[in-house]
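# A look at the structure
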Amino acid sequence: MDENFQEEFMQIIKFEPPLYKQRYQFVKDLVEKYKPKKVADLGCADCSLLRMLKFCSCIEVLAGLDICANVMKEKMHTLSPLPVDYLQPSERSLTVSLHHGSVAHKDPCMIGFDLVTCIELIEHLEESELKKFPEVVFGFMAPSIVVISTPNSEFNPLLPRVMLYRHPDHKFEWSQAQFQSWALETARRYDYSVEFTGVGHPPTGMEKVGFCTQIGVFFRKYPQTGESVQSEKPTEAVYKTVFKAVYPSLKDEKYLQNAVISEVIFTAQIIKHRLMSKREEYGDDPERKSKFQPSMDYFSDYFGKLVVEKNMEPFVNGNEVYIPLATIFSFPKVNQLCGTFEKLCKLIAGKVTLSSDGSAVMLNIEHENEEN
């Protein structure tokens with residue numbers, strides 16, 4: 001390498017976006033491509049990657065593992081559900097958990113994941129831990145995909161102030177050949193294939209240096225059988241769970257019922273308001289009232305055009321407005337939430353005021369007058 005050329009780039013290399021964000025984006029892109037439902041991040045540290053991944057709609061189980069409990073505990077609150085998650089529950093279920101332990105130990109809580117990420121982890125492992133790492137991750141956990149990133153030591157001369165390793169806690173940093181040799185042997189031993197790539201491009205003209213961060217993406221060749229998983233399963237857990245959050249989900253009957261009730265009442269109130277506005281427009285003229293058909297056409301401003309049968313029209317009787325459940329079920333949001341008319345009836349039973357025969361939502365006109 002030309003020393004003058006090297007010195008020139010030592011002072012100006014700057015990654016945009018920052019290298020850690022490029023690593024996280026690489027994982028996110030992989031998630032969006034392969035749609036794993038269960039993802040574990042080994043060496044999760046301050047949970048930054050987990051915070052990004054929790055917004056991926058395909059993920060239903062998200063787990064983090066780190067040897068330093070204090071680092072996780074400082075940021076674990078950022079993985080808790082927000083008020084908006086309770087006000088607008090997601091259609092998917094999501095459970096997030098954090099565990100304190102070493103990647104050199106086996107624990108049954110880490111079995112059954114589709115994707116396992118090890119971002120800038122292996123270079124922090126002692127030699128004894130690194131020897132156990134492949135068996136734990138590829139043999140015991142055996143996910144469908146494993147992503148491992150680690151510094152490329154060949155890039156280090158281009159980085160200012162890097163004397164030996166990039167971080168004082170690093171036990172080693174591999175060249176491209178060293179990492180690929182280790183990865184290929186690990187993949188061969190545990191029936192995986194591996195693809196090599198990276199993030200942090202080298203300067204133009206220095207492509208042989210390789211990426212600043214080298215990445216190996218491992219794909220399991222054969223599905224793991226239930227018998228092999230069970231035979232490997234330890235009798236006792238060795239990790240300590242330090243955090244667990246179950247997000248509100250419409251798959252939970254309680255949250256689904258609340259969402260349906262809110263949507264039914266909201267829809268009924270809108271219909272009632274438009275119906276009463278229409279009655280006021282016609283006034284007390286019997287002839288004009290007789291021509292009034294409270295069809296759903298005038299709701300198009302809110303919900304688009306709906307084809308409604310005659311027996312689905314809302315009507316007024318005394319001080320009560322009746323909105324047929326069939327009408328409410330016609331609205332897309334209610335229909336989507338419930339799926340079937342029978343499910344709608346079941347979810348609102350005893351929670352919403354209905355007509356005596358249970359066919360319509362009943363609202364009081366006096367409340368409308370008080371509001372006005």
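Here goes a summary of the coordinates provided. This is a predicted model, so every value here is computed, not measured. (Residues numbered from 1 in each chain as written. Predicted model: local features only at pLDDT ≥ 70, side-chain atom pairs only at ≥ 80, totals over all residues. Heavy atoms only, no water.)

### Some words on the overall build of the chain
- A count of helices and strands for the chain gives 15 helices and eleven strands.
- When burial is assessed residue by residue, the chain has 45% of its 372 residues classed as buried.
- Put simply, 74% of the contacts in the chain that link residues at least 6 apart link residues at least 24 apart.
- Summed over all atoms, the accessible surface of the chain reaches about 20,100 Å², with 51% contributed by carbon and sulfur. (Helix = DSSP H or I, 4+ residues; strand = E, 2+ residues; numbered from the N terminus. Buried < 20%, exposed > 50% of the residue type's maximum accessible area, 1.4 Å probe, protein only. Contact = heavy atoms within 4.5 Å. Areas by Shrake-Rupley, 256 points an atom, 1.4 Å probe, with all protein chains shown as cover.)

### A closer look at the packing of helix α6 (residues 127–141) against helix α7 (residues 176–189)
- Their axes nearest at 11 Å, the elements α6 and α7 cross at an angle of 45°. As judged from the angle between their axes, α6 and α7 are oblique. Seen from above, α6 lies across α7 with right-handed handedness. Of the residues in α7, those in contact with L130, F133, P134 and F138 of α6 are W182, T186 and R189.
- The class makeup of the residues in the contact of α6 with α7 is five nonpolar, one polar and one charged. (Axes fitted to C-alpha atoms, helices over the stretch in contact; angles between N-to-C directions. Parallel < 35°, antiparallel > 145°, perpendicular 65-115°, else oblique. Left-handed = near helix turned anticlockwise from the far one by under 90°. Nonpolar A, V, L, I, M, F, W, Y, C, P; charged D, E, K, R; others polar.)

### Comments concerning the sheet that holds strand β9 (residues 315–317)
- If you walk across this open sheet you meet the three strands as β9-β10-β11, and the pairing is antiparallel. Edge positions in the sheet fall to β9 and β11 (360–364), since each of these pairs with one other strand and no more. For this sheet the average axis-to-axis angle between neighbouring strands, irrespective of direction, equals 30°.
- Here β9 runs beside strand β10 (residues 320–324); their pairing, made up of three bridges, is antiparallel. Bridging from a neighbouring strand, F315 pairs with Y322 of β10. (Pairing = 2+ DSSP bridges.)

### Here we look at the nonpolar core
- Counting 41 residues, the largest nonpolar core has V31, L53, I59, L98, V147, F155 and V217 as its most contacted members.
- Mapped by element, the contributors of at least two residues to this core are α2 (19–34), α3 (48–53), β3 (95–100), β4 (115–119), β5 (145–151), β7 (213–220) and β8 (240–246).
- Among the elements that line this core, the one with the most residues is α2, at six residues.
- Aside from chain neighbours lying at most four places away, what touches I59 is V31, P36, K37, V39, L53, R92, S93 and L94. (Core = buried A, V, L, I, M, F, W, Y, C linked by side-chain atoms within 4.5 Å.)

### Looking at α6
- The end-to-end C-alpha separation of α6 is 20 Å, in line with the 21 Å expected for 15 residues at 1.5 Å each.
- By the largest-angle criterion, F133 marks the main kink of α6, which is about 30°, and a proline, P134, follows within four residues.
- Of the residues flanking the end of α6, it is A142, one or two places downstream, whose phi is positive at about 45°. (Expected span 1.5 Å × (residues − 1). Bend = angle between axes of the 7 residues up to and from the residue.)

### Overview of the sheet that holds strand β1 (residues 38–42)
- An order of β6-β7-β5-β4-β1-β2-β3-β8 is seen for the eight strands of this open sheet, with the pairing classed as mixed. The open sheet has two free edges, formed respectively by β6 (192–199) and β8, since each of these has just one partner strand. Sheet twist, expressed as the mean angle between neighbouring strand axes with direction ignored, is 15°.
- Two strands pair when backbone bridges link them, and β6 and β7 are joined in this way by eight bridges, in the antiparallel orientation. Considered in β7, the bridge of T197 is made with I215.
- The strands touched by α2 within the sheet are β4, β5, β6 and β7, with β7 carrying the most contacts at an inclination of about 20°.

### Some thoughts on the layout of surface pockets
- Its boundaries defined by the atoms lining it, the largest pocket holds a volume of some 880 Å³.
- Lining the largest pocket are 36 residues, with I119, E120, E123, H124 and H170 sitting closest to its centre.
- Ranked by residues supplied to the lining of the largest pocket, first place goes to α2 with four residues.
- By residue class, the composition of the lining of the largest pocket is 19 nonpolar, six polar and eleven charged.
- Of the voids in this model, the second largest pocket is the one considered here, and its volume is about 390 Å³.
- Residue lining of the second largest pocket: 15 residues in total, with L87, Q88, P89, L250 and A259 positioned closest to the centre.
- Going through the elements one at a time, α5 (83–87), α9 (253–282) and α13 (332–338) are the ones with two or more residues in the lining of the second largest pocket. (1 Å grid on protein atoms, 1.4 Å probe; cavity = no way out; pocket = protein on both sides within 12 Å on 5 of 7 lines; lining within 4 Å. Points joined across faces, edges and corners; volume = space filled by probe spheres on them.)

### Examining the packing of aromatic side chains
- Using the criterion set out here, one finds 15 aromatic pairs in the structure.
- Ring geometry for Y86 versus Y255: centroids 6.4 Å apart, planes at 55°, classification tilted. One end of the pair, Y86, is in helix α5; the other, Y255, is in helix α9, and 169 residues separate them in sequence.
- Owing to a relative accessible area of 42%, Y86 belongs among the partly exposed residues under this scheme.
- Relative to W182, the ring of W174 lies with its centre 5.5 Å away and its plane at 40°, an arrangement referred to as tilted. An identical accessibility class is assigned to W174 and W182; each is buried.
- Members of the aromatic cluster, joined through ring pairs, are F133, F172, W174, F179, W182 and F196.
- A cation sits over an aromatic face here: K38 above F113, 5.1 Å from the ring centre. (Phe/Tyr/Trp six-rings, centres within 6.5 Å; stacked < 30°, edge-to-face > 60°. Lys NZ or Arg CZ within 6 Å of the ring centre and 35° of its normal.)

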